Amino acid sequence: MSVKFSLSSGDPAADRRVDFALMLFAESDFSGATEMLLAALDMVPGWALGWYQLGEFHEAAGDMAAAVVAWRTALALDPADHSGASLKLALAEAGESAPVPPSAFVEMLFDQYAPKFDQALVDTLGYRVPEFLAEAIGGARPGRFAVALDLGCGTGLMGERLRPFCDRLEGFDVSAQMLRKAREKGVYDRMEKADLQAFAYDGPKADLVTAADVFMYVGALEGVVKTVAGLLVEGGLFAFSVESLDAPDGFWLRPSRRYAHSEAYVRRVLRDAGLAVVSLEERAIRQDRTEPVTGLIVVAELLPSR
């Protein structure tokens, strides 16, 4: 059976049990929280998010076998996977590998995050990727850009940095709520809802494309980097960030359900798409539980076609 995904169970009595379960969970009473949530799910067995939450409760209690059963149930109820259950299954080595996240999960995550995004990311987590990328772009090519595309533009933090040196600036994001927040800032000439995993663009070719803190929610980069190469004029710049992976090659899904990418993988994907690295710098891009998160700030240039 497949049901419509909902953040609420749709049953007030069940929701009260869920609220109590969350309170017990916050108090580290995992057994009580699980029992109360199961009581709610007896009332609304088709509620996908409830099963996902049950998996989280079991995981916190150390019962991964039960967590896997709950996440599989959530995924069966919601094949689009708004909750990201498939990522949890991949991390638990109980499902297929996850080279890309479910688009529905990314969209819902950022729709929920939009109202508090700027404050949480900048003020609380010390997020500095837009600042670092703007510096790297200026170092690679001082001056103005005729057309710039900001992929995964979010609330416009990168756009605010780009606006002073871009004649035309367009922003794209999978989250309608993020776009709404960005629109309030008035920094983009055009904004559009778009999924980067199936991105299509009908405007003029750009001499700058940016993706700030985006590839952590993309995973495998081959497709999107090839798409970006097709958006650029010869000699155009592509500036982006990734979380660093200390490995000889490849990328990895972290417990945070964000992807990290190795430098060798990034360089290889760019080279295969006809892009040459202009600059690549390792920086502390934000905080996570008071610890710095290391990332790569990359600027690449589209080489002339052969």
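Anyway, here's the lowdown on the structure attached to this text. (Residues numbered from 1 in each chain as written. Predicted model: local features only at pLDDT ≥ 70, side-chain atom pairs only at ≥ 80, totals over all residues. Heavy atoms only, no water.)

On to the pairing of strand β8 (residues 275–288), then. In terms of strand pairing, β8 meets strand β9 (residues 291–302) through 12 bridges, oriented antiparallel. Paired with E281 across the strands is I297, a residue of β9. (Pairing = 2+ DSSP bridges. Helix = DSSP H or I, 4+ residues; strand = E, 2+ residues; numbered from the N terminus.)

What follows is about the layout of surface pockets. Here the largest pocket defines a volume of roughly 1300 Å³. Together, 47 residues line the largest pocket, and L109, F110, Y113, Y217 and R258 are the ones closest to its centre. Listed by contribution, the elements that provide at least two residues to the lining of the largest pocket are α3 (48–60), α6 (103–113), α7 (117–124), α9 (157–162) and β8. Per-class residue counts for the lining of the largest pocket are 25 nonpolar, 10 polar and 12 charged. (1 Å grid on protein atoms, 1.4 Å probe; cavity = no way out; pocket = protein on both sides within 12 Å on 5 of 7 lines; lining within 4 Å. Points joined across faces, edges and corners; volume = space filled by probe spheres on them. Nonpolar A, V, L, I, M, F, W, Y, C, P; charged D, E, K, R; others polar.)

For the rest of this paragraph, the subject is the pattern of salt bridges. The tally for this structure, following the rule as stated, stands at 20 salt bridges. In this structure, R258 engages D213 in a salt bridge whose closest nitrogen and oxygen atoms are separated by 3.1 Å. Of this pair, R258 sits in the loop between β6 (251–253) and β7 (259–261) while D213 sits in the loop between β4 (206–211) and α11 (222–231), placing them 45 residues apart in sequence. By relative accessible area, which is 11% here, D213 ends up buried. With a relative accessible area of 8%, R258 lands in the buried category. One salt-bridge network, in which partners are shared between bridges, spans R168, E170, R190, E192 and D202. (Salt bridge = Lys/Arg side-chain N within 4 Å of Asp/Glu carboxyl O. Buried < 20%, exposed > 50% of the residue type's maximum accessible area, 1.4 Å probe, protein only.)

Turning our attention to the side chain of D173. Of note, D173 is situated in strand β2 (residues 166–173). Buried and unpaired, D173 has K193 as its nearest opposite-charge partner, separated by 8.1 Å. A distance of 2.7 Å separates a polar side-chain atom of D173 from the backbone nitrogen of G154. (Lys, Arg positive; Asp, Glu negative; His and termini not counted. Polar contact = N/O pair within 3.5 Å; in protein donor to acceptor, adjacent residues only side chain to side chain.)

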